[in-house]
Amino acid sequence: MTDLGGFRDHVARIDLSDGSVAYEGIDDEDAKKYIGARGLGVKYVFDQGPDVDPLGPDNLLAFTNGPLTGTQTTMSGRIAICTKSPLTGTVTDSHHGGWSGARLKWAGFDGLMFEGQSDDPVYAVVEDGEVELRDASDYWGQGVHETIDDVADEVDGEVGKNLSVMAIGQAGENEVRYASILNEDDRASGRGGTGCVMGNKGLKAVVIKASTDMPKPADQETFQEGHKQAMQVIQESDITAPNEGGLSVYGTNVLMNLTEEMDGLPTKNGQYTSTSSEAELAPDEPNIDSENVSGENVRENILVDEPTCHSCPVACKKEVEVQVNHKGEDMNIRMESYEYESAWALGPNSMNDDRDKVAAMIDRCNDFGMDTIEAGNIMAMAMEATEKGYMPEGEGMDWGGPDNMLDMLEAIAHRDGYLGDLLAGGQEHVADELDAHDCKLSVKGQAIAAYDPRGLKGMGIGYATSNRGACHLRGYTPSAEILGVPEKVDPTEWEGKGELTVVFQDLHAISDSFDICKFNAFAEGIEEYVLQYNGMTGRDVSEDELMEAGKRVYTLERYYNNLTGFDGDDDSLPGRFVEGHDEAIPAQGGIEGELCELDKMKEEYYAERGWVDGVVPDERLEELGIDVGPGTGVSRGDSGAPADD
């Protein structure tokens, strides 16, 4: 039990195998050690056992919010979904914005823990501190958008007013390894295959019915001081200032032109570092221009609305409307997730710059419930594998071709045909099946994001050491390398990037555990975090103590992965990015010749973490107060092999 402010001290455990629901409080020590949301969710998953089958009944699917979720805190509308990933085999957490995280708190819950597997499709209704399972047979086979509309009618609620629905589409039902969970139509817990786990469990949707009921701070004066300070720095930031900052005006896709100009935009499955470099070096091939799918282009031509999330003044969401003709069919599409990562993966990395059909592809991914980053990457991988002759006769994909890409997304979601079924398995699966490992752009099985590690060295060590596979959001070093927050660093300099990455990873572990949006970190820092956390919970932790909690969360995740067999060999990068690798492709354009000095950065990173070749030594676990599990069996000075290898 915990009496910390910001918590409801109420968690539901739902066994989908027999339909039972039990309720419990939160361990007070865990709440203090692991903060909430991501930290607590990972602890629940750890306690379930690292050796579970990701697609077995014992794998836990944890929906968790944090002590700041659903409060007056700016950007506090997020929710964490934690589980063992069927894509990577690591622990994973995937977050989304909107209102479901806040509404779960308002409905009286800190978390929902789903385990087991239902024989028949079900959905969960959460209201007034209780959970009820209902038959979802009529909704199985539907896309996300139709499911949300139908479920809202059945429970007599209004989405956006008193109702949030988190649902899977056909990709989750068919266990596509990178299936996602969508809420309010277009906000996705996209990465790691959380939707695949949800589909495997027979859980079609989680419906939360609640009106606004924000928790009150335990220490109102301290909280208001922190809140006022946070609002001030957000309003003064060139990035987050409402209606003025780049993120507010253009959304996340403000980055498209910036990364293009600095040759940090992976193009043609990362063979080039920008679309302009590709056009210059391959003038006889069809060329594209990333500006066509940029935030500036989107705002000028297809923007129709700018919705926001709970308690967010920034409003980075950009709702668009397009009319496209797909193989003779006229389609009118209105959607709100024209994000940078999605536009890149389905655009320049796949040699496509059709702005409106990129919107159609993002919308299709959202309706099928499928990670746009992984989907775009897997098709780019298929295109390169086709070009290199790895595909069986009669199979494959050509570069670009947005109509064929739209069709392939449907084939993947339904596992239709040889190629649809193959690509549904993820990059590692495709590489193994085709012996096409030189075509994959993944780390620990998860595909990279829209930052080239040859031009942004911090992102290189960040991808490699991310606990959930390649990820830009574990430690967002482009904040410093591109945007100059908290200060500008040279993106092509490797020295210091290991240490910088550790700081960002620990800071983001804190914000993910609060659970507030990472974009606040473009303005806020640990000072604002401590004031708001102490004010809400009634605690009196220092800045150093809160940073140690972030370090503890990150280390617990790494410890989990160590127990499943991961070590420093898995902290890798695709060969084309790495200095000294046989497959290395040096950068072009303004950073010509650059490659990622991965080994040097790993050495610096492990020293800063106190790890041994990617493994947490038992002494470090003890120092951080992580007193669960058997330990790794590794001590400082040992080789890094986990005890069970």
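The text that follows walks through the structure, step by step, so that each part is easy to find. (Residues numbered from 1 in each chain as written. Predicted model: local features only at pLDDT ≥ 70, side-chain atom pairs only at ≥ 80, totals over all residues. Heavy atoms only, no water.)

1. What about the side chain of Gln 532?
The line we're drawing: The way it works is that DSSP assigns letters per residue, a run of H or I at least four long becomes a helix, a run of E at least two long becomes a strand, and they are numbered from the N terminus. For the purposes of these results, a polar contact is taken to be a pair of N or O atoms within 3.5 Å, where, inside protein, one atom must be able to donate a hydrogen and its partner to accept one; residues adjacent in sequence count only when each atom of the pair is a side-chain atom. The contact criterion used is simple: two residues touch if any of their non-hydrogen atoms lie within 4.5 Å.
Within the element layout of this structure, Gln 532 appears in helix H21 (residues 526–537). In terms of polar contacts, Gln 532 uses its side chain to reach the backbone carbonyl oxygen of Glu 528, at 3.1 Å. Not counting residues within four places of it along the chain, the set of residues in contact with Gln 532 comprises Leu 68, Thr 73, Thr 74, Phe 223, Gly 226, His 227, Ala 230 and Glu 524.

2. Details of the pairing of strand S12 (residues 203–209)
As a reminder, the rule being used: Buried residues are those whose accessible area, probed at 1.4 Å on protein chains only, stays under 20% of the maximum for their type, while exposed residues exceed 50% and partly exposed ones sit between those limits. Following DSSP output, two strands are said to pair if at least two bridges run between them.
Taking burial as the measure, the 7 residues of S12 include 7 buried ones, the bulk of the element. Bridge count between strand S7 (residues 122–127) and S12: 5 bridges; the pairing is parallel. The residue bridging Ala 124 from the neighbouring strand is Val 206, located in S12. Where strand S9 (residues 163–167) and S12 come together, 5 bridges link them in antiparallel fashion. Residue pairing for S12: Ala 167 is matched across the bridge by Ala 205.

3. Section: a negative patch on the surface
Rule in force here: Patches draw on residues past 30% relative accessible area with no salt bridge. Two like charges within 9 Å are joined, as are two nonpolar side chains (Val, Leu, Ile, Met, Phe, Trp, Tyr) within 5 Å. Residue-level accessible areas treat just the shown protein chains as cover; the underlying method is Shrake-Rupley with a 1.4 Å probe. By convention in these notes, a salt bridge is any Lys or Arg side-chain nitrogen within 4 Å of a carboxyl oxygen on Asp or Glu. Charged residues are defined narrowly, with Lys and Arg counted positive, Asp and Glu counted negative, and His plus the chain ends left uncounted. We put the charge of a Lys on NZ, of an Arg on CZ, of an Asp on CG and of a Glu on CD.
A cluster of acidic residues, Glu 221, Glu 225, Glu 527, Asp 540, Glu 543, Asp 544 and Glu 545, forms a negative patch on the protein surface. The set of elements that each furnish at least two residues to the negative patch consists of helix H7 (220–236) and helix H22 (543–563). Broken down by element, the negative patch gets its largest block of residues, 3 residues, from H22. Relative to the helices and strands, Glu 545 resides in helix H22. We classify Glu 545 as partly exposed; its relative accessible area is 46%.

4. A word on the pattern of salt bridges
Within this structure, the stated rule accounts for 45 salt bridges. Its salt-bridge partner being Glu 410, residue Arg 364 comes within 3.9 Å of it at the nearest N-O pair. Of this pair, Arg 364 sits in helix H13 (residues 355–368) while Glu 410 sits in helix H15 (residues 402–414), placing them 46 residues apart in sequence. On the accessibility criterion, Glu 410 (37% relative accessible area) is partly exposed.

5. Topic: the sheet that holds strand S15 (residues 329–335)
Put simply, the rule is: Throughout, an axis means a line fitted to C-alpha atoms (over the contacting stretch in the case of helices), and angles, computed between N-to-C directions, take values from 0 to 180 degrees.
Spatially, 3 strands are ordered S13-S14-S15 in an open sheet, and the strand pairing comes out antiparallel. Among the strands making up the open sheet, the edge pair consists of strand S13 (303–305) and S15. Taken over all neighbouring pairs, the strand axes of this sheet differ in orientation by 30° on average, direction set aside. In this sheet, strand S14 (residues 319–326) lies alongside S13 in antiparallel orientation, the contact comprising 2 bridges. If you follow Asp 305 over to S14, its bridge partner there is Glu 319. Lying on the sheet, H13 is in contact with S14 and S15; it crosses S14 at an angle near 100°.

6. Some words on the packing of aromatic side chains
Applicable threshold: In summary, the pairing rule links any two rings of Phe, Tyr or Trp, Trp by its six-membered ring, whose centres are within 6.5 Å, and it sorts them by plane angle into stacked for under 30 degrees, edge-to-face for over 60 and tilted for everything else.
In total, this model carries 13 aromatic pairs according to the counting rule given. Between Phe 46 and Tyr 559, the aromatic rings sit 5.1 Å apart at their centres with planes inclined by 40°, giving tilted as the arrangement. Note that Phe 46 is positioned in helix H2 (residues 37–48) and Tyr 559 in helix H22, a separation of 513 residues in sequence. What makes Phe 46 buried here is its relative accessible area of 5%. Accessibility expressed as a relative area gives 0% for Tyr 559, which makes it buried. Relative to Trp 611, the ring of Tyr 605 has its centre 5.7 Å away and its plane inclined at 75°; by these criteria the two rings are edge-to-face.

7. Things to note about the packing of H7 against H21
Short version of the rule: By convention the crossing between two helices is left-handed if the near helix lies anticlockwise of the far one by an angle smaller than a right angle, and right-handed if it lies clockwise.
Between H7 and H21, whose axes approach to 7 Å, the crossing angle comes to 145°. In this structure, H7 meets H21 at a crossing whose hand is left-handed. Where H7 abuts H21, its residues Thr 222, Phe 223, Glu 225, Gly 226, His 227, Gln 229, Ala 230 and Val 233 lie against Glu 527, Glu 528, Leu 531, Gln 532, Asn 534, Gly 535 and Met 536.

8. Thoughts on the environment of Lys 488
Inspection of the secondary structure puts Lys 488 in the loop between helix H19 (478–481) and helix H20 (497–514). Note on Lys 488: relative accessible area 51%, which makes it exposed. Taking the C-alpha atoms as reference, Lys 488 lies 9.6 Å from Pro 478; in sequence the two are 10 residues apart. For Lys 488, the contacting residues outside a window of four places in its chain are Ala 480, Glu 481 and Ile 482. Here Glu 481 takes part through its backbone oxygen, which lies 2.9 Å from a polar atom of the side chain of Lys 488.

Without other data, these values stay purely geometric and don't point to any function.
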